[in-house]
Number of protein chains: 2
Amino acid sequence: MGISSYIQKHIDPNFKGNDLPFPTSQKRILPNSVLTDFNEKENRIFFIVSGIIQVNVLDPQDEIKTLDFCFENSFVTSTASFLCGKPSDVQLVAVTDCCLEVILKRDILAAYDSSLIANKLGRVEMEKVYLRRLKRERDFLTMTAKERYLELIESDSPLLKHLTVDTLAKYLGIHPSSLSRIRGEKINTI
Amino acid sequence: MGISSYIQKHIDPNFKGNDLPFPTSQKRILPNSVLTDFNEKENRIFFIVSGIIQVNVLDPQDEIKTLDFCFENSFVTSTASFLCGKPSDVQLVAVTDCCLEVILKRDILAAYDSSLIANKLGRVEMEKVYLRRLKRERDFLTMTAKERYLELIESDSPLLKHLTVDTLAKYLGIHPSSLSRIRGEKINTI
């Protein structure tokens, strides 16, 4: 799915596919490529046509932790950097081969002036980003690593095979051997 | 300032004041009135024409903590409850006499269908809510109570006289006597 189909499906069923209010470009990147680095000023929004992007942060000890995974048919950017023009406090890294559609900041800002569909898209995506952040905070506070693992594999299971044990363990905040144990328990309950 | 003037100033200078894409109503409430209670389903957005609204949460020990203050010329609602239709996890309380303009959820949702200005407003306010949340999290992690107090009185000082020492101390997460000490130090440095 590309941005046009996404808008038609999730934002406005009456949207005509050829009427995107901003130009886009295609980008392909290889696994482990850094899409946006720490301290970079983000001036792009990415739509993931296929692949998985990992969102990393630095913890107080300057170690890299994985904050989130973004899957196909969704937007990703370094949101605070994009909105404020400040250096990014997150790093976006390709987990798999990724096919992306790219919107430039200057183009979406120009579209916001007069385009209903661009503003609808921006509003709905900001609502999603906000709710996703709330959910992540609450999950970290209230769920065990096992519960978070089970939720992740329920929501996005076809793509999970691309994540290594190390990557997943970093996201869950546990040791890789603990993850192997959780996986074993899960298999035994199926 | 009302919603129309706010839109003209912050969203679109070409906006004509009589063309609001949704109906609004006026509401006046007294100090200490609860505008939205814990577990209530929020179906309104409030614009603060005058006054201060306090946003409370329950901590893990079920004690009320003050998360934020919202001042005049800004919107406030129980955002997650409004967006998802779930019971509110925050409580909105009037600190002072408040004069509010109220938008109903069904009216803003109807306006989102076809109104450019409603979507612009929704997008910009969601961007603000998101960035405000990020800032609050970072401030709690990185600033001392004194630094947060100094920042608060810099940004909104004319309204601060309405906040009692107890209310402010609850927001800063310190004992009222510590706040009195900080205030004393501040006065001595002027």
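Owing to the predicted nature of the structure, the values given are computational and were not obtained by experimental measurement.

1. Regarding helix α4 (residues 116-142) of chain B
Thinking step 1. Spanning 27 residues, α4 of chain B covers 39 Å between terminal C-alpha atoms, matching the ideal 39 Å at 1.5 Å per step.
Thinking step 2. Structurally, the start of α4 of chain B carries an N-cap: the backbone nitrogen of isoleucine 117 of chain B is 3.4 Å from a side-chain oxygen of serine 115 of chain B.

2. Some remarks on the layout of surface pockets
Residues and elements named next belong to chain B.
Thinking step 1. Size it by volume and the second largest pocket reaches roughly 210 Å³.
Thinking step 2. What lines the second largest pocket is a set of 14 residues, and nearest its centre among them are Asn32, Gln54, Val93, Thr164 and Thr167.
Thinking step 3. Contributing elements (two or more residues each) for the lining of the second largest pocket: β4 (53-58), β7 (90-94) and α6 (165-172).
Thinking step 4. Of the residues in the lining of the second largest pocket, the class split is 4 nonpolar, 8 polar and 2 charged.

3. So, unusual backbone geometry
Thinking step 1. The backbone phi angle of asparagine 32 of chain A is positive, close to 75°, even though this residue is not glycine.
Thinking step 2. Relative to the assigned elements, asparagine 32 of chain A resides in the loop between β1 (25-29) and β2 (34-36).
Thinking step 3. Looking at asparagine 32 of chain A, the relative accessible area reads 63%, which means it is exposed.
Thinking step 4. For asparagine 73 of chain B, which is not a glycine, the phi torsion comes out positive at approximately 65°.
Thinking step 5. By secondary structure assignment, the location of asparagine 73 of chain B is in the loop between β5 (64-70) and β6 (74-76).
Thinking step 6. Relative accessible area serves as the criterion here: at 28%, asparagine 73 of chain B is assigned to the partly exposed category.

Scoring rules and cut-offs
- Here the residue index of a chain counts from 1 through its sequence in written order.
- Note on labels: chains are lettered from A, ligands numbered from 1, in written order.
- Thresholds applied to this predicted model are a pLDDT of at least 70 for local features of residues and 80 or more for the giving and counting of side-chain atom pairs; totals over whole chains, interfaces and linings are not thresholded and use all residues.
- Heavy atoms from the whole structure form the basis of all side-chain values; hydrogens and water molecules are not counted.
- Helical segments are the DSSP runs of H or I of at least four residues, strand segments are the runs of E of at least two, and each set is numbered from the N terminus.
- One fewer than the residue count of a helix, multiplied by 1.5 Å, yields its expected span.
- We define a polar contact as two N or O atoms separated by no more than 3.5 Å, with the added condition that, inside protein, one atom must be a possible hydrogen donor and the other a possible acceptor, whereas residues neighbouring each other in sequence contribute only through side-chain atom pairs.
- Using a grid of 1 Å spacing that covers the protein atoms alone, one calls a set of points a cavity when a 1.4 Å probe fits there but cannot get out, and a pocket when the set is open and has protein on both sides within 12 Å along at least five of seven lines; lining residues are those with an atom within 4 Å of a point.
- Grid points are joined across faces, edges and corners, and a volume is the space filled by probe spheres set on the points.
- In the scheme used here, Gly and all other residues not listed as nonpolar or charged are polar, with Ala, Val, Leu, Ile, Met, Phe, Trp, Tyr, Cys and Pro taken as nonpolar and Asp, Glu, Lys and Arg as charged.
- Relative accessibility under 20% of the residue-type maximum defines a buried residue, over 50% an exposed one, and the middle range a partly exposed one, all with a 1.4 Å probe and only protein chains included.

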